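Chain and residue survey
Here is what each chain is made of, one letter per residue.
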Amino acid sequence: MKFQAIKGTRDILPPDSILWNRVEQTACDVFATYGFGEIRLPIFEQTELFARSIGAETDVVSKEMYTFESYDNVRIGHPQEMVDIVRANEAVKEAWANNRIPRTDENCLAIAILHQTFDSIKDEGAPALLRFLHGLHNIDFGQSLSLRPEATASVCRAYIEHGMQTLPGNVKLYYMGPMFRRERPQKGRYRQFYQIGAEVLGQSDAPAIDAEVIEMLLAFFEKAGLSGATLSVNSIGDKNCRPQYIETLRAALLKVKDHLGPDSQRRIETNPLRVLDSKLHEEQAIIEKLPRIADHLCDACRAHFAKLQDELKLRGIAYEINWRLVRGLDYYTRTTFEIVAPGLGSQNAVCGGGRYDGLVELLGGPPTKGIGFAIGTDRLILSLQETGKAAAAKSLDVYVAWMGEKAYAPSVTLARKLRDAGFAVELPPEEMKFKKSLGLADKLGARFALIIGEDEVASGQLTLKRLADGEQSKYSEAALLEHLRAAR
Ligand code: ATP
Ligand code: MG
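Described below are features of the structure shown in this document. (Residues numbered from 1 in each chain as written. Chains lettered and ligands numbered in written order. Predicted model: local features only at pLDDT ≥ 70, side-chain atom pairs only at ≥ 80, totals over all residues.)

Looking along the chain, the bond that leaves Pro-14 and enters Pro-15 is cis, with omega of 0 degrees. Of note, Pro-15 is situated in the segment before helix H1 (16-33). Even without being a glycine, Arg-334 presents a positive backbone phi close to 55 degrees. Locating Arg-334 in the fold gives a position in strand S9 (residues 333-340). (Helix = DSSP H or I, 4+ residues; strand = E, 2+ residues; numbered from the N terminus.)

Shown next, in the form of structure tokens:
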């Protein structure tokens, strides 16, 4: 049996991983200058968190999530454990709410107990609770969990869970890490892919926040070395104006229904906005004639969008308006934006973002405004590589060619000292003939070979050979460090 990485996943090897590290470090550095702090999030969450925020009808949630049941190992007869699990269990709550659990005195008592802390369960309550819990044998104690397809929902969950609305000013967080979607793998599209994202949560929805987030994003791209990226922005309205626009759009779509493909026909009912996203060649002319959101924004959304554009101009940020930019997740309101980069073929969106006022509230938190973006790290790296910004492997500075038993211990000590001083050092773990050792040094691309035999140990003079031209000289240990530093 031959093991292979699962379809849609891949290994990132050196020297590519050097570029990955550099890109991620650049994000940390740039985001910190804008006052963002890193949040590290779990890789899996309750399925419901994603369903509710991203939208149960979206492709991401309905088709692409990696979902599994997680059974906590409940020991029958350990009441505290059972209580904790039952309390957290949506199935029990739902069964109780829908009268699927008979309202006997004993069950009512048990439910009442479940709402208290276990400490307060009196002796007479415990047996009733236990019988109740045993009686729930037909209720699934497992809960549905999913690998995260994106991280905004998790950030909002964490914002609520940690009461971050009480923090001063806007809460500015960034994250990076793997996301999971069961999509058809192709260039720039993977099932485990990586994102670098940032979110601003708080009381204000000032367009200056949106513009500053975009400014930060572009500053990061510039520092990372990405060139030729273009920014599109749009406003998709809010709960006051979008529903009416969607109805207008649906009515217009129904008139041209017969000329649309099956996906778009279905979306007329499920999510007409998504039709605007269609890449089908034969639908383009039809879509261009559809009513545009810009003509249907309410006054507040129109003013917000106009101010956003002023704020972008103030910052010297070039943009184009793309009225068809609706984004695939349900939670967006008002500002949406996308960045397209060269060298990526049809998977050319390297970053998507937008405003999601109301999402925190939808997840059970206080009324909160929010905006954020997610960069597809894989695509950013691909674009950097295609445009010649790939990282070179970190070169090996010194290869320690030691030979003879007496040379070994001093070589170990010296290798440690050189590494302490920041040099990349290779020390062969077993004795080799000088000729073989130097041959390996050459193949590994070392700049210098340090030759340590028993004579060198006795005299304290080490031979340093520059492998490019074979030039060699003798140095004391102190002089050697000086010389290497100067040659750096
Ligand atoms: P696309 O239209 O390319 O499918 P999306 O709208 O699904 O992107 P978002 O959910 O907004 O993307 O995620 C933000 C960014 O994450 C995208 O712009 C893209 O760079 C990246 N991304 C999304 N899905 C994948 C994937 N399967 N593989 C690699 N990168 C991805
Ligand atoms: Mg997608």
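On to the nonpolar core. Inside soluble globular proteins, nonpolar side chains tend to come together where they are buried. Counting 81 residues, the largest nonpolar core has Leu-173, Val-213, Leu-217 and Leu-380 as its most contacted members. The leading source of residues in this core is helix H9 (residues 207-224), at ten residues. Core analysis: the next-biggest nonpolar cluster, separate from the first, contains 20 residues, Leu-414, Leu-418, Ala-441 and Ala-446 among them. (Core = buried A, V, L, I, M, F, W, Y, C linked by C-beta atoms within 7 Å. Buried ≥ 20, exposed ≤ 12 C-beta atoms within 10 Å, placed from the backbone.)

Taking strand neighbours across the sheet as the criterion, the three strands line up as S2-S4-S3 in an open arrangement whose pairing is antiparallel. Two strands close off the open sheet at either side, each with one partner strand: strand S2 (44-46) and strand S3 (67-70). Taken over all neighbouring pairs, the strand axes of this sheet differ in orientation by 40 degrees on average, direction set aside. Pairing between S3 and strand S4 (residues 143-147): four bridges, direction antiparallel. Opposite Phe-68, over in S4, you have Leu-145 as the bridge partner. Along the sheet face, helix H2 (residues 47-54) touches S2, S3 and S4 and points at about 75 degrees away from the line of S2. (Pairing = 2+ DSSP bridges. Axes fitted to C-alpha atoms, helices over the stretch in contact; angles between N-to-C directions. Contact = placed C-beta atoms within 7 Å.)

Take the pairing of strand S6 (residues 192-202) next. Burial analysis of S6 places ten of its eleven residues in the buried class, which makes it a mostly covered element. Note that strand S5 (residues 171-180) and S6 share ten bridges and pair antiparallel. Looking at S6, one finds that Met-176 is bridged to Ile-196. The sheet contact formed by S6 and strand S11 (residues 369-376) spans eight bridges and is antiparallel. Counterpart to Val-200 in the pairing with S11 is Ile-371.

A separate point is the environment of Glu-386. Structurally, Glu-386 can be placed in helix H15 (residues 377-386). The class of Glu-386 is partly exposed, set by 14 C-beta atoms lying within 10 Å. Sequence spacing of Glu-386 and Gly-343 is 43 residues, and the spatial spacing of their C-alpha atoms is 5.8 Å.

Lining the immediate environment of ligand 1, one finds 18 residues, of which Phe-193, Ala-349, Gly-352, Ala-374 and Gly-376 sit closest. Going through the elements one at a time, S6, strand S10 (349-355), S11 and H15 are the ones with two or more residues in the shell around ligand 1. With four residues, the top contributor of residues to the shell around ligand 1 is S10. Within the shell around ligand 1, the residues separate by chemical class into six nonpolar, six polar and six charged. (Near = placed C-beta within 6 Å. Nonpolar A, V, L, I, M, F, W, Y, C, P; charged D, E, K, R; others polar.)

This part takes up the packing of H1 against H9. Helix-helix packing is characterised by the crossing angle of the two axes and by the distance between the axes. Orientation of H1 relative to H9, taken along the N-to-C sense of each, is 140 degrees, at an axis distance of 9 Å. In terms of orientation, H1 lies oblique with respect to H9. In the crossing of H1 with H9, the sense of the turn from one axis to the other is right-handed. Residue-level inspection shows Val-23, Thr-26, Ala-27, Val-30 and Phe-31 of H1 in contact with H9, the latter providing Met-216, Ala-219, Phe-220, Lys-223 and Ala-224. Taken together, the residues of the contact of H1 with H9 sort by class into eight nonpolar, one polar and one charged. (Parallel < 35°, antiparallel > 145°, perpendicular 65-115°, else oblique. Left-handed = near helix turned anticlockwise from the far one by under 90°.)

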